[in-house]
Amino acid sequence: MAKILINGGPVLQGEVWISGAKNAVLPILFASILGSKTSRIGNVPHLQDVTTSVELMAQMGAMISIDERMRIEIDPTTLNNHEAPYDLVKTMRASILVLGPLLAKHGRATVSLPGGCAIGSRPVNLHIHGLELMGADIQVRNGNIEAIAERLKGARIVMDMVSVTGTENLMMAATLADGITVIENAAQEPEVEDLANYLIAMGAKISGAGSHTITIEGVDELGGAEYSVLPDRIEAGTYLVAGAITGGKVKVTSVRPETMDAILDKLQEAGAKITCGDDWIELDMQGRRPLAVNLTTSPYPAFPTDMQAQFTALNCIAEGTGVITETVFENRFMHVQELQRLGADIQLEGNTAIIRGVEKLTAAPLMATDLRASACLVLAGLVARGETSVDRVYHIDRGYEVIEEKLGQIGAKIRRKQIT
Ligand code: UD1
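This write-up is about the structure you can find in this document.

Rules behind the numbers
- Residues numbered from 1 in each chain as written.
- Predicted model: local features only at pLDDT ≥ 70, side-chain atom pairs only at ≥ 80, totals over all residues.
- Heavy atoms only, no water.
- Phe/Tyr/Trp six-rings, centres within 6.5 Å; stacked < 30°, edge-to-face > 60°.
- Buried < 20%, exposed > 50% of the residue type's maximum accessible area, 1.4 Å probe, protein only.
- Lys NZ or Arg CZ within 6 Å of the ring centre and 35° of its normal.
- Pairing = 2+ DSSP bridges.
- Helix = DSSP H or I, 4+ residues; strand = E, 2+ residues; numbered from the N terminus.
- Expected span 1.5 Å × (residues − 1).
- Polar contact = N/O pair within 3.5 Å; in protein donor to acceptor, adjacent residues only side chain to side chain.

Any aromatic ring pair is given by two values, namely how distant the centres are and how the planes are angled relative to each other. If you walk through the whole model with that rule in mind, you get 2 aromatic pairs. Summarising the aromatic geometry, the rings of Phe 303 and Phe 311 are spaced 5.1 Å apart at their centres and angled 85 degrees between planes, so their arrangement reads as edge-to-face. A relative accessible area of 4% means that Phe 303 is categorised as buried. Note that Lys 251 overlies the ring of Trp 280, its terminal NZ or CZ placed 4.6 Å from the centroid.

Structure follows, in structure tokens:
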């Protein structure tokens, strides 16, 4: 077990290199199951969720090697076990992404039901319904999803709600189905498009990824591919908020600015001067305190739920009152009680947080509850007077590569302490 300790106060300045996107690399790793040849994936972030995914595929019999630069080579041809057990699925909900590829390639899959998690109930009914429309026979028993299909058939699928991993599971399954699949009301997230590009590199026929309607023409076989994962827009956004909350000047490099419009708009509203190049973004607060911002989370291209907690932290010390409404998950304000322990003035009304900015926060011991909430607590610690400790950092390690090193590099006083 470890804690992160932060001494608040320094104004952050400098450059941070952004890693590959967690939410792109996970589906890409699982998509390699669809291939009949070896794939090589680059720009892979060093994250606990990547380790879990590799462990899961290795348990299934795939041959996987990782070099010192985190390039992953996957030979899926030895895969012979079609089960994702509860002990791994419970630590990473994205394990549900093995369902579509296993079923399409091997005709069967048993995947433990992910169950609820801190931020809400997070059902997988859309994944199951879409696969049933493609001809799969699916039973849910003993806590498992048991799916069988000789060969999936193309189908027209209208998603009831916009689901990122739901869209990805169905798109992956459809690549080897017999005929054409059309997914309507598809998630438009850049990570869905990145997965589509990887599948196309493997030989899949996909058009429309990144829009509401994705069309997939099934093929008999996919090969392998060499692919470099998209940069992480949520990691980049988190470091830009770190610059904004401290009144600093931070440049993030190796990013795709065009995937971050909604985040950059809100940072500008908060008073930041934003300058972008092809693959970098610089934020300059010119020493000013941020202004409070109002925002509502929604599927891409609107403001991402995965940046909501970080902007809640920003509003805590901003000038004015900010109203933040969460519409994607029903219980994603676990960080509010922890921020209140630092002296934040936040009133929660259902799925809306009303945050009155205060001039200063004061350090306290804090507990991380989920991935993005833990990032928000670290951000608040950067401006809290004294030493803030954040416990249960395994949540952060699921999605942020060496966060203490990257923040330390731009002037934060932050360290990790092992505790027994
Ligand atoms: C993905 C992201 C996560 C992000 C979320 C929303 C990955 C690995 N994770 O999660 O970081 O916060 O998108 O942008 O990419 N829903 C249903 N039935 C379903 C599926 C979803 O009702 O079968 C609901 C969910 O409860 C939620 C909403 O749809 O309220 C959106 O969830 P979804 O987009 O599926 O989230 P994930 O794909 O799990």
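The subject of this paragraph is the sheet that holds strand E20 (residues 345-349). Read from one edge to the other, the open sheet built from 4 strands follows the order E18-E19-E21-E20, with strand pairing classed as mixed. The sheet is open, and its two edges are formed by strand E18 (295-296) and E20, each paired on a single side. Looking at chain direction, E18 and strand E19 (residues 321-325) are connected through 2 bridges and run parallel. Within E19, the residue paired with Leu 295 across the bridge is Ile 324.

Of the pairings in the sheet, the one linking E20 to strand E21 (residues 352-356) comprises 5 bridges and is antiparallel in character. When the bridges of E21 are listed, Leu 348 appears paired with Ala 353.

Of all 5 residues that make up strand E25 (residues 387-391), 4 are buried, and the element is covered over most of its length. With 4 bridges connecting them, strand E1 (residues 2-7) and E25 associate as antiparallel partners. Across the sheet, the residue bridging to Ile 6 is Thr 388, located in E25.

Between Tyr 300 and Pro 301 the backbone carries a cis peptide bond, its omega angle lying at 15 degrees. Its place among the elements puts Pro 301 in the loop between E18 and helix H10 (308-316). Located in the positive-phi region is Met 70, a residue other than glycine, with phi close to 60 degrees. With respect to the secondary-structure elements, Met 70 resides in the loop between strand E4 (63-66) and strand E5 (72-75). Owing to a relative accessible area of 13%, Met 70 belongs among the buried residues under this scheme. The phi dihedral of Asn 142 falls on the positive side, at around 50 degrees, and the residue is not glycine. Within the fold, Asn 142 resides in the loop between strand E8 (137-141) and strand E9 (144-148). Judged by relative accessible area, Asn 142 falls into the exposed class, the value being 74%.

Helix length check: helix H8 (residues 233-245), at 13 residues, gives a terminal C-alpha distance of 18 Å against a target of 18 Å (1.5 Å per residue), a fit within 8%. Buried residues dominate H8, accounting for 13 of its 13 residues. Of the residues flanking the start of H8, the one acting as N-cap is Asp 232, its side-chain oxygen 2.9 Å from the backbone nitrogen of Ile 234. Immediately downstream of H8, the backbone of Gly 247 shows phi near 70 degrees, a positive value.

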